[in-house]
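A look at the structure
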Amino acid sequence: MNREQISRIAHADHPIKSPLDDASVRRLLERGLPRGDERVLDLGCGSGEWLLRALAARPHLHAEGVDVSADALDQAQLAARHRGVEDRLVLHHQKAEEFTSSQPFDVVLSFGATHAFGGLLPTLAAAREHLAPGGRVMIGEGFWDRTPSQQAVEMLGDLTDLATTVDRVVADGWVPVAGHISTRRELDDYEWACWGSLAAWAVEHPGDRDSAQALETATLRRAEWLRVYRDTWGFVSLILHRTPDLG
Ligand SMILES: C[S@@+](CC[C@H](N)C(=O)[O-])C[C@H]1O[C@@H](n2cnc3c(N)ncnc32)[C@H](O)[C@@H]1O
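These lines cover the structure that appears in this document, whether it is placed above or below. (Residues numbered from 1 in each chain as written. Predicted model: local features only at pLDDT ≥ 70, side-chain atom pairs only at ≥ 80, totals over all residues. Heavy atoms only, no water.)

1. What to know about the nonpolar core
Counting 33 residues, the largest nonpolar core has Val40, Trp50 and Met138 as its most contacted members. Looking at this core, the elements that each hand over two or more residues are α2 (22-32), α3 (49-57), α4 (70-82), β4 (105-111), β5 (131-144), α9 (211-229) and β7 (233-242). Core analysis: the second largest hydrophobic core is formed by 21 residues, Val66, Phe99, Ala127 and Leu131 among them. (Core = buried A, V, L, I, M, F, W, Y, C linked by side-chain atoms within 4.5 Å. Buried < 20%, exposed > 50% of the residue type's maximum accessible area, 1.4 Å probe, protein only. Helix = DSSP H or I, 4+ residues; strand = E, 2+ residues; numbered from the N terminus.)

2. Things to note about the site of the ligand
The environment of the ligand is formed by 20 residues, the closest being Lys17, Gly44, Asp67, Ala96 and Phe111. Lys17 has a polar backbone atom sitting 2.8 Å from an oxygen atom of the ligand. At 3.3 Å, a side-chain N or O of Trp50 approaches an oxygen atom of the ligand. Burial of the ligand by the protein chains amounts to 84% of its free accessible area of 600 Å². Residues belonging to the shell around the ligand are distributed by class as follows: 9 nonpolar, 7 polar and 4 charged. (Near = heavy atom within 4 Å. Polar contact = N/O pair within 3.5 Å; in protein donor to acceptor, adjacent residues only side chain to side chain. Areas by Shrake-Rupley, 256 points an atom, 1.4 Å probe, with all protein chains shown as cover. Nonpolar A, V, L, I, M, F, W, Y, C, P; charged D, E, K, R; others polar.)

3. Points about the packing of aromatic side chains
Counted according to the given criterion, the structure contains 4 aromatic pairs. A ring pair is formed by Trp50 and Phe111, whose centres lie 3.9 Å apart and whose planes are at 20°; its orientation type is stacked. One end of the pair, Trp50, is in helix α3; the other, Phe111, is in strand β4, with 61 residues separating them in the sequence. Pair check on accessibility: Trp50 and Phe111 agree, each one buried. (Phe/Tyr/Trp six-rings, centres within 6.5 Å; stacked < 30°, edge-to-face > 60°.)

4. What to know about the pattern of salt bridges
Tallying each qualifying case throughout the model produces 15 salt bridges. A salt bridge links Asp188 to Arg230; the nearest nitrogen and oxygen atoms lie 2.7 Å apart. Taken together, the positions of Asp188 in helix α8 (residues 184-204) and Arg230 in the loop between α9 and β7 put the pair 42 residues apart, joining distant regions of the chain. A salt bridge links Arg230 to Asp231; the nearest nitrogen and oxygen atoms lie 3.8 Å apart. Classification of Asp231 as partly exposed rests on a relative accessible area of 45%. Among the charged side chains, a salt-bridge network with shared partners connects Asp22, Glu49, Arg53 and Arg83. (Salt bridge = Lys/Arg side-chain N within 4 Å of Asp/Glu carboxyl O.)

5. Brief notes about the environment of Arg53
With respect to the helices and strands, Arg53 occurs in helix α3. Each C-alpha atom, one on Arg53 and one on Val25, is 8.9 Å from the other, the two residues being 28 residues apart in sequence.

6. Some words on the sheet that holds β7
The mixed open sheet is built from 7 strands, whose spatial order is β3-β2-β1-β4-β5-β7-β6. This sheet does not close on itself; its edge strands, each paired only once, are β3 (89-93) and β6 (174-181). Taken pair by pair, the neighbouring strands of this sheet meet at an average axis angle of 20°, ignoring direction. Sheet topology places β6 next to β7; 7 bridges connect them, and they run antiparallel. Within β7, the position partnered with Gly179 by the bridge is Leu238. Against the sheet, helix α7 (residues 162-171) touches β5, β6 and β7, its axis set at about 150° to β6. (Pairing = 2+ DSSP bridges. Axes fitted to C-alpha atoms, helices over the stretch in contact; angles between N-to-C directions. Contact = heavy atoms within 4.5 Å.)

7. Remarks on the pairing of β4
Counted residue by residue, β4 has 6 buried out of 7 residues, so it is predominantly covered. Pairing of strand β1 (residues 39-43) with β4 involves 3 bridges; the strand directions are parallel. Across the sheet, the residue bridging to Leu41 is Val108, located in β4. Between β4 and its parallel partner β5, the chain crosses via helix α5 (residues 120-130), and the hand of that crossover is right-handed. (Right-handed = clockwise from strand over helix to strand, strands pointing away.)

Pasting the structure below:
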C-alpha cells in the first residue's frame, strides 16, 4: 500500500485535509469569496475539496488547482464531474512552486501545503506572484500552541507560536482581515478521522494483503499524534490582503 492509497483511506471521512470542520470551511469561504464570481487558485489542492465546495455554492466562480499527486487530482476530477462543476475547474499536475499562469487570480488558497514552498513566508511570496490587484490569500498553517519537544519539531517543522506567526505575516506586508484558530475539537476530530478510518478499513478487510500494513500505520500515526504533538500543535487559517499604501 503506497502513501497515496493510505491518504485516500485516511481522508475518506474528512476530505478537507486540514483540521477544520465543515462550518469553519464554509465561513472561511464566505469571508474569502464575498462576490461569488472570483477566479481562485489552490496551491497544493489535494483532492480539491476547498475548490469543489466553493464552486458548488457559487455558479459564477472559476477555479484552478495545482498538486503533485496524480491520485488526488484524479479524485478531484471525478468529484467535480459528480458535483456538476467540472466545466469551471482546471487541474494542473505539477509542483506548485513551478506553476505559472498568464492571468492573475482574485483569491489564492493554500491549506496544509506550505511545506511545498519551504514554509509560510515563501508560500505567501508565491501566492503574491499569482494575485490580481486587490486580491486575497487564504492560507492555513500550523503553529506551536506550547513549547514543542525536539521530536515534534523534527516531525512537523520549524514553526513559531501563534502571535509570532501572525506578526511575521504582517511584517511580510499582509493585513489579516479574518481568521480562524482550529479548536481542540477540530484538531482531535481530524486526527481521529484519519487514523480511525485507516484502522477501520484494516478491520473491515481482514483478508486483504494490505490490512496488516494499514493497521500498523494507523497505530503508529495515532501514537505519534497522542505522544508527540497533540499537546503542542495548533492550526490557524488566515484571510489576507496586501498591506495598502495609506500615504
Ligand atoms: C495536507 S494536504 C492538503 C490538501 C488540501 N489543501 C486540503 O486542505 O484539503 C497537502 C497537499 O500538498 C500537496 N503537495 C506537497 N508538495 C507539493 C508541491 N511541491 N506542489 C504541489 N502540491 C504539493 C500534497 O500532494 C497534498 O495533496
